[in-house]
Amino acid sequence: MSGSTFGRMFRLTTFGESHGPALGGVVDGCPSGIELSEEDIQRELDKRKPGQGGLAATARKEADRVRILSGVFEGRTTGTPIGFMVENTDQRSHDYSEIMHVWRPGHADYTFDRKFGFRDYRGGGRSSGRETVSRVAGGAIAQQFLAAQGVTVRAYTVELGGIRADVVDPEGAQDRPFFSPDPDVISGWESLVHDVKSDGDTLGGIVQIEALGVPAGLGEPVFDKLDALLAYALMSVGAVKGVEIGSGFGAARMRGSENNDPMRENAFVSNHAGGILGGISNGMPVVARAAIKPIPSIAKEQTTTTRQGEERTIRIGGRHDICAIPRVVPVLKSMVCLVLADLMLMQARQTLSPLSGLMELDEFDL
């Protein structure tokens, strides 16, 4: 199956299905000498594992314990491929037996079958949101590399079900329900989730991702723009239906005098550009937002057809989240980490000199 490898120098290849024995992947191209342990990866996996999110969460319980299989010795990367695996332990494949020959509205059932002529109906197989386990594990490895370069990435929810949050404490969002940057909005979100769950429906939202400490110079001026690669990475997550950089669609309602970021003393005084100009990072925080669609598995009756073309109505059973938020938040953070790690290595190779804050080239094992 093509399309399971992401990146060019810092490359992540993933494998596994929702109801298979395990998921996992291989990170190739990570420089040697980076501090890395299973605990570093587990910390990120715990943020997306099933059961997170209170009333919004699926009833499926997976420990999502990661095992590093290769590429790490005495707590540091060796420069060789880093293999990892996470076992599935709480599958209930019989929950999906009734939809074996039925297209679920909003899912990839129809398109997957049309592409391959065959599908794993147990939770969507490879098209299930559970495949993001491998993305988060790979992103955790990228995060360790970025931390060594002074780059940090954080993500938080700015809107849930149409209710917006004020970004008053983005750092504290990592320890709040829904990854909320606004303590005062949580009760409203919880109430909304309760009402929507009672109605048998689901919710969407918007997640903001920020990368701090990104040096100027990452990205290319034409096809491999930093903002283009970020959009590609974020849109590769199944729940994402839109991406904004900086002011995003808001820029379309501004004048140039409002949207331009003035400079004083060789520094920008605003950041409508989201840290990217001409496809290249400008040294300001890189800011992106992703629009998350409602979970398509709903308990309401829906009209669809069978594989044989017969019309029928269905209600989706099984165990499902009410909203991809908060579990999608660490997934989106991981994709941004993967993009930045890849571009930092590409820039080091392109210029043959280290970027500001980047370790010396002879430590990269390029």
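The structure we're discussing is the one just above.
Residues numbered from 1 in each chain as written. Predicted model: local features only at pLDDT ≥ 70, side-chain atom pairs only at ≥ 80, totals over all residues. Heavy atoms only, no water.

Chemist: Which residues make up the overall build of the chain, and what values go with them?
Modeler: Counting its secondary structure elements, the chain contains seven helices and 18 strands. The 366 residues of the chain split such that 51% are buried. Taking all contacts inside the chain whose residues are at least 6 apart in sequence as the whole, residues at least 24 apart take part in 69%. For the chain, the exposed surface amounts to about 16700 Å²; the carbon and sulfur share of it is 51%. (Helix = DSSP H or I, 4+ residues; strand = E, 2+ residues; numbered from the N terminus. Buried < 20%, exposed > 50% of the residue type's maximum accessible area, 1.4 Å probe, protein only. Contact = heavy atoms within 4.5 Å. Areas by Shrake-Rupley, 256 points an atom, 1.4 Å probe, with all protein chains shown as cover.)

Chemist: Lay out the nonpolar core in plain terms, naming residues and giving numbers.
Modeler: In this structure, Phe10, Ile292, Leu332 and Leu340 are the most contacted members of the largest nonpolar core, which totals 76 residues. Counting residues per element, this core draws most heavily on helix H7 (residues 328–351), at 15 residues. Aside from chain neighbours lying at most four places away, what touches Phe10 is Val27, Asp28, Cys30, Gly138, Ile141, Ala142, Phe145, Leu338, Ala341, Asp342 and Leu345. (Core = buried A, V, L, I, M, F, W, Y, C linked by side-chain atoms within 4.5 Å.)

Chemist: Quick rundown of the pairing of strand S10 (residues 205–212)? Include the residues and the values.
Modeler: Of all eight residues making up S10, six are buried, and the element is well covered by its neighbours. In the sheet, strand S8 (residues 152–160) pairs with S10 via eight bridges, with the strands oriented antiparallel. Bridge pairing in S10 places Thr152 opposite Leu212. The pairing of S10 with strand S16 (residues 286–292) spans seven bridges and is antiparallel. Within S16, the position partnered with Gln208 by the bridge is Arg289. (Pairing = 2+ DSSP bridges.)

Chemist: Go over the sheet that holds strand S1 (residues 5–6) with me, naming the residues and quoting the values.
Modeler: Across the sheet, which stays open at both edges, the five strands sit in the order S1-S2-S3-S7-S4 with antiparallel pairing between neighbours. A single partner strand is all that each edge strand has here, and the edge strands are S1 and strand S4 (66–68). Packing of helix H1 (residues 38–48) onto the sheet brings it into contact with S4 and strand S7 (82–87), and relative to S4 it is tilted by some 150°. Along the sheet face, helix H3 (residues 132–148) touches strand S2 (11–16), strand S3 (22–28) and S7 and points at about 140° away from the line of S7. (Axes fitted to C-alpha atoms, helices over the stretch in contact; angles between N-to-C directions.)

Chemist: Got a sec to walk through the sheet that holds S8? Specific residues and values, please.
Modeler: The strand order across the open sheet built from five strands is S9-S8-S10-S16-S11, with neighbouring strands paired in antiparallel fashion. Looking at which strands have only one partner, the edges of the open sheet turn out to be strand S9 (163–164) and strand S11 (240–245). Bridge analysis of S8 against S9 gives two bridges, and the strand direction is antiparallel. By the bridge assignment, Leu160 is partnered in S9 with Ile163. With respect to the sheet, helix H4 (residues 186–198) is in contact with S8 and S9, its orientation differing from that of S8 by roughly 60°.

Chemist: Hey, could you go over helix H5 (residues 226–235) for me, with residue numbers and the actual values?
Modeler: Listed as buried for H5 are Leu226, Leu229, Leu230, Ala233 and Leu234. Projection of H5 onto a plane perpendicular to its axis shows the buried side chains occupying an angular sector of 130°, all on one side. (Arc of directions from axis to C-beta.)

Chemist: Requested: an account of the packing of H5 against H7, with residues and values cited.
Modeler: For the pair H5 and H7, the least separation of the axes is 9 Å and the interaxial angle reads 140°. Judged by the inter-axis angle, H5 sits oblique to H7. Our pair here, H5 against H7, has a crossing hand that is right-handed. Packed against H5, whose contacting residues are Leu226, Leu229, Leu230, Ala233 and Leu234, the element H7 presents Leu332, Met335, Val336, Val339, Leu340 and Leu343 at the interface. For the contact of H5 with H7, the class distribution of residues is eleven nonpolar, no polar and no charged. (Parallel < 35°, antiparallel > 145°, perpendicular 65-115°, else oblique. Left-handed = near helix turned anticlockwise from the far one by under 90°. Nonpolar A, V, L, I, M, F, W, Y, C, P; charged D, E, K, R; others polar.)

Chemist: So what's going on with the side chain of Arg327? Residues and values would help.
Modeler: Looking at the element boundaries, Arg327 is found in the loop between strand S18 (311–314) and H7. On the basis of relative accessible area, Arg327 is assigned to the buried category, the value being 11%. A distance of 2.7 Å separates polar atoms of two side chains, one belonging to Arg327 and the other to Asp321. (Polar contact = N/O pair within 3.5 Å; in protein donor to acceptor, adjacent residues only side chain to side chain.)

Chemist: Residue-level account of the environment of Phe249, with values.
Modeler: Among the secondary structure elements, Phe249 is positioned in the loop between S11 and helix H6 (256–259). With relative accessibility at 56%, the residue Phe249 sits in the exposed group. Leave out the neighbours within four places in its chain, and Phe249 touches Val243 and Glu244.

Chemist: Before we move on, could you go through the packing of H1 against H7 and cite the residues and values that matter?
Modeler: Here H1 crosses H7 at 135°, and the two axes come no closer than 7 Å. Of the possible angle classes, the one that applies to H1 and H7 is oblique. Contact residues: H1 offers Glu44, Lys47 and Arg48, while H7 offers Pro330, Val331 and Lys333.

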